[in-house]
Number of protein chains: 2
Amino acid sequence: MAANILLVEDEPGIQELLKFNLAQAGHQVTAAGDAEHALKFLKNTLPDVILLDWMLPGMSGIDLCKRLRSDERYQPIPIIMLTARGEERDKVLGLDTGADDYITKPFSPRELVSRIKAVLRRRAPQMTDEPVEINGLRLDPTSHRVSGRGQALELGPTEFRLLHFFMTHPERVYSRTQLLDQVWGDDVFVEERTVDVHIRRLRLALEPSSHAELIQTVRGAGYRFSAEVG
Amino acid sequence: MAANILLVEDEPGIQELLKFNLAQAGHQVTAAGDAEHALKFLKNTLPDVILLDWMLPGMSGIDLCKRLRSDERYQPIPIIMLTARGEERDKVLGLDTGADDYITKPFSPRELVSRIKAVLRRRAPQMTDEPVEINGLRLDPTSHRVSGRGQALELGPTEFRLLHFFMTHPERVYSRTQLLDQVWGDDVFVEERTVDVHIRRLRLALEPSSHAELIQTVRGAGYRFSAEVG
DNA sequence: AGCAGTATGACTGATTTATGACATGGGCAC
DNA sequence: GTGCCCATGTCATAAATCAGTCATACTGCT
């Protein structure tokens, strides 16, 4: 995967420890000692995940979490709460603040890493860098390559993202609007019909290895990526 | 799922929190701060579910609920009451107002989402995205696919909606008018006999897997989807 | 048989999707 | 900076499919 992670943790020891472990797992980590620094950082950069300590000097992790959740700019970023307390009450409260997951100290780095992975997959499965392969069609996010039964396929950037999204969300119909949101981004102002054009370009690109039929039109509903026929 | 939800809640914090969580679950949320705004909104749009805070400035949630229940236009819309008090007395009172469910604060977003799902299933089963299967005939709303005993079946948009409605409302006769309301929409201006034609098209589409007989004609009354014979 | 309700096939306008062409604009090489 | 090239989004038009209506044939019931 290799995600950009914002770590908000006041205790230097734990901060270092986590930074090291996450870097070890291939992530890019930025650390902030309190909510203020975190917010300052977020002004300029949107990380892929936020790790948030429960207890922070000044604004608490909970409050920061709530605040982030109320801002639509940060709303889609997954948040994982780090907490020392393990009571059920707190867990529920944690989820109520809008956090996607919580993890109770002490925890193993391995656990943290896998939770990050899980949360990324849930929010934006196409973000993970794992190669996907369906019916001999293979897409590798790391090398940014696509091949059909060994044969290399050429597709443009948008077609690549579109295919990546489809392959990580197969067997499901997506309307043009949904595709625009997911593949183009929430805030783009693009004609719905543009999707048709990119679908066509994607199909053309997949033609050489006869994988074009994986992209199916569902009249009145949208498009679907499916390994099944029809 | 993906329902249109009207949220009536005066406290901005909770309103935001819920809006976020519901949006996260794929719903479309409109928020109103009090009963008046809610009513104004309802004049133009009918949501699929209404979330109603117990305590509201001005007209209380309870009163609003009663009022909505007395208007047949709003009567079929499921209402879920949000309440901070947990006493049994209140619960009963809540149900007496005509609410379909109540949920006591604090509650987890997960719980709320699942209650919404439950309430939708009860009131409008065809809205939920769960696959339906009857007698080997299977319809999956997410992938927008229909198959009979493994064999893929082709049906047009209207036939798909019609079948979905039937499968989620089996063993019950619906008049042509009712079907027009439920499948076509309340406001369409279409000849009643048109239903016959689509019934026929649906039957033709189901023929390949011999599921056509599930669509039964009830002379003088309408049509019925039934797994039982004749 | 006669009647009312239902099935069926054909037709037409309307809607939805596919396709090819084009204008724009950014990035890159030089 | 200049020019070229590719990618992107939009449009016009063609093609495909669908929805609704009607005329007619059929069915079951009394």
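1. What to know about the sheet that holds strand β6 (residues 132–134) of chain A
Residues and elements named next belong to chain A. As summarised here, the arrangement of the 4 strands in space is β6-β7-β8-β9, forming an open sheet in which the pairing is antiparallel. Where the open sheet ends on each side, the last strands, each with one partner, are β6 and β9 (151–153). In this sheet, neighbouring strand axes are inclined to one another by 20° on average, regardless of whether the strands run parallel or antiparallel. As judged from the 3 bridges shared by β6 and strand β7 (residues 137–140), these two strands associate in the antiparallel manner. Within β7, the residue paired with V132 across the bridge is L139. Taken strand by strand, helix α6 (residues 157–168) contacts β6, β7 and β8 (145–148), and its axis lies near 115° from that of β7.

2. Digging into unusual backbone geometry
Residues other than glycine predominantly adopt negative phi, and peptide bonds predominantly adopt the trans conformation. Residues and elements named next belong to chain A. With a phi close to 60°, H144 is a non-glycine residue in the positive phi region. In this fold, H144 is placed in the loop between β7 and β8. Look at H144 and you get partly exposed, because its relative accessible area is 48%. A positive phi angle is found at R149, which is not glycine, with a value near 50°. We classify R149 as exposed; its relative accessible area is 58%.

3. A few points about the pairing of strand β2 (residues 28–32) of chain A
Taken together, the 5 bridges between strand β1 (residues 4–8) of chain A and β2 of chain A define a ladder with parallel strand orientation. When the bridges of β2 of chain A are listed, L7 of chain A appears paired with A31 of chain A.

4. Let's talk about the sheet that holds strand β4 (residues 79–83) of chain B
All names here are of chain B. One open sheet accounts for 5 strands, arranged β2-β1-β3-β4-β5; its pairing is parallel. The strands lining the two open edges of the sheet, one partner per strand, are β2 (28–32) and β5 (101–104). Neighbour-to-neighbour, the strand axes of this sheet turn through a mean angle of 20°, independent of strand direction. Its contacts with the sheet put helix α1 (residues 12–24) on β1 (4–8), β2, β3 (49–53) and β4, and the angle it makes with β2 is roughly 165°.

5. Thoughts on the protein's contact with DNA strand C
Taken together, 19 residues are adjacent to DNA strand C, and T217 and Y223 of chain A together with R200, T217 and Y223 of chain B come closest. Restricting the count to atoms of DNA strand C within 4 Å of the protein gives a sugar and phosphate share of 76%. In the model, a phosphate oxygen of DNA strand C is placed 2.9 Å from a nitrogen or oxygen of the G220 of chain A main chain. Looking at the surface near DNA strand C, the elements with two or more residues in it are α8 (193–206) of chain A together with α8 (193–206) and β11 (215–218) of chain B. In terms of residue class, the surface near DNA strand C is made up of 3 nonpolar, 4 polar and 12 charged.

6. Looking at the protein's contact with DNA strand D
Every one of the 24 residues lining DNA strand D counts as a neighbour, but T158, T194 and R201 of chain A together with T158 and R201 of chain B are closest to it. A share of 59% is what sugar and phosphate atoms reach among the atoms of DNA strand D within 4 Å of the protein. Between a base nitrogen of DNA strand D and a side-chain N or O atom of R219 of chain A, the distance comes to 3.4 Å. At 2.7 Å, a side-chain N or O of T194 of chain B approaches a phosphate oxygen of DNA strand D. Those elements that provide at least two residues to the surface near DNA strand D are α6 and α8 of chain A together with α6 (157–168) and α8 of chain B. For the surface near DNA strand D, the per-class residue count stands at 9 nonpolar, 7 polar and 8 charged.

7. Side note on the pairing of strand β7 (residues 137–140) of chain B
Residue and element names in this part refer to chain B. The loop that links strand β6 (residues 132–134) with its antiparallel partner β7 comprises 2 residues; one of these, N135, has a positive phi angle of about 55°. Judged from the 4 bridges that link them, β7 and strand β8 (residues 145–148) form a sheet pairing that is antiparallel. Along β8, the bridge assignment pairs L139 with V146. Hairpin connection of β7 to β8: 4 residues between the antiparallel strands, including H144 at a positive phi of 60°.

8. Describing the nonpolar core
Residues L137, L163, F166 and F225 of chain B are the most contacted members of the largest nonpolar core, which totals 27 residues. Listed by contribution, the elements that provide at least two residues to this core are β6, β7, α6, α7 (176–184), α8 and β12 (222–225) of chain B. In terms of residue count, α6 of chain B provides more of this core than any other element does, 6 residues in total. Filtering out sequence-adjacent residues up to four positions away, L137 of chain B remains in contact with V132, V146, S147, G148, L153, L163, M167, L206, H211, L214 and F225 of chain B. Membership of the second largest hydrophobic core comes to 25 residues, among which are V132, I134, W184 and F225 of chain A.

9. Structural notes on the packing of α6 of chain A against helix α7 (residues 176–184) of chain A
Residue and element names in this part refer to chain A. The interhelical angle for the contact between α6 and α7, taken along N-to-C directions, is 110°, at an axis separation of 10 Å. It follows that α6 is roughly perpendicular to α7 by the angle criterion. Residues T158, R161, L162, F165 and F166 of α6 form the contact with α7, whose own contacting residues are L179, Q182, V183 and W184. When its residues are assigned to classes, the contact of α6 with α7 shows 6 nonpolar, 2 polar and 1 charged.

10. Some points on the packing of α6 of chain A against α8 of chain A
Packed helices, taken two at a time, are described by the angle between their axes plus the distance between the axes. All names here are of chain A. Running from amino to carboxyl end, α6 crosses α8 at an angle of 85°, the nearest separation of the two axes being 10 Å. The angle between the axes of α6 and α8 places the two elements in the roughly perpendicular class. On the side of α6, the interface is formed by T158, E159, L162, L163 and F166, while α8 contributes H198, I199, R201, L202 and L206. By residue class, the composition of the contact of α6 with α8 is 6 nonpolar, 2 polar and 2 charged.

11. A short note on the confidence of the model for chain A
When the pLDDT values of chain A are averaged, the result is 83; 86% of them are 70 or greater. In the model, residues 87–94 of chain A has pLDDT below 50 throughout and makes 7 contacts with residues more than four positions away in sequence or in other chains.

Rules and cut-offs
- Along every chain, residues carry numbers that run from 1 in the direction the sequence is written.
- The lettering of chains begins at A and the numbering of ligands begins at 1, in the order of writing.
- Restriction of local features to residues with pLDDT of at least 70 applies here, the model being predicted, together with a cutoff of 80 or more for giving and counting side-chain atom pairs; totals for whole chains, interfaces and linings are based on all residues.
- Computation of side-chain values covers all heavy atoms of the structure but excludes hydrogens and water.
- Strands were regarded as paired on the criterion that DSSP finds at least two bridges between them.
- Secondary structure elements are defined from DSSP: runs of H or I of at least 4 residues count as helices, runs of E of at least 2 residues count as strands, and each element is numbered from the N terminus.
- Each axis is a line fitted through C-alpha atoms, taken for helices only over the stretch in contact, and angles between the N-to-C directions span 0 to 180 degrees.
- A contact between two residues is defined here by any heavy atoms of the two lying within 4.5 Å.
- Partly exposed describes any residue whose relative accessible area lies between the buried limit of under 20% and the exposed limit of over 50%, with all areas from a 1.4 Å probe on protein chains only and scaled to the type maximum.
- We define proximity as follows: a residue is near a molecule or strand when any one of its heavy atoms falls within 4 Å of that partner.
- Any pair of N or O atoms that falls within 3.5 Å is considered a polar contact. Within protein, one atom must be able to donate a hydrogen and the other to accept it, and sequence-neighbouring residues count only if both atoms are side-chain atoms.
- Throughout this entry, Asp, Glu, Lys and Arg are counted as charged residues, while Ala, Val, Leu, Ile, Met, Phe, Trp, Tyr, Cys and Pro are counted as nonpolar. The remaining residues, Gly among them, count as polar.
- Nonpolar cores were defined as sets of buried Ala, Val, Leu, Ile, Met, Phe, Trp, Tyr and Cys residues, with membership established by side-chain atoms within 4.5 Å.
- Roughly parallel covers angles under 35 degrees, roughly antiparallel covers those over 145, roughly perpendicular covers 65 to 115, and oblique covers all other angles.
- The pLDDT value tells you how sure the predictor is about a given residue, anywhere from 0 up to 100.

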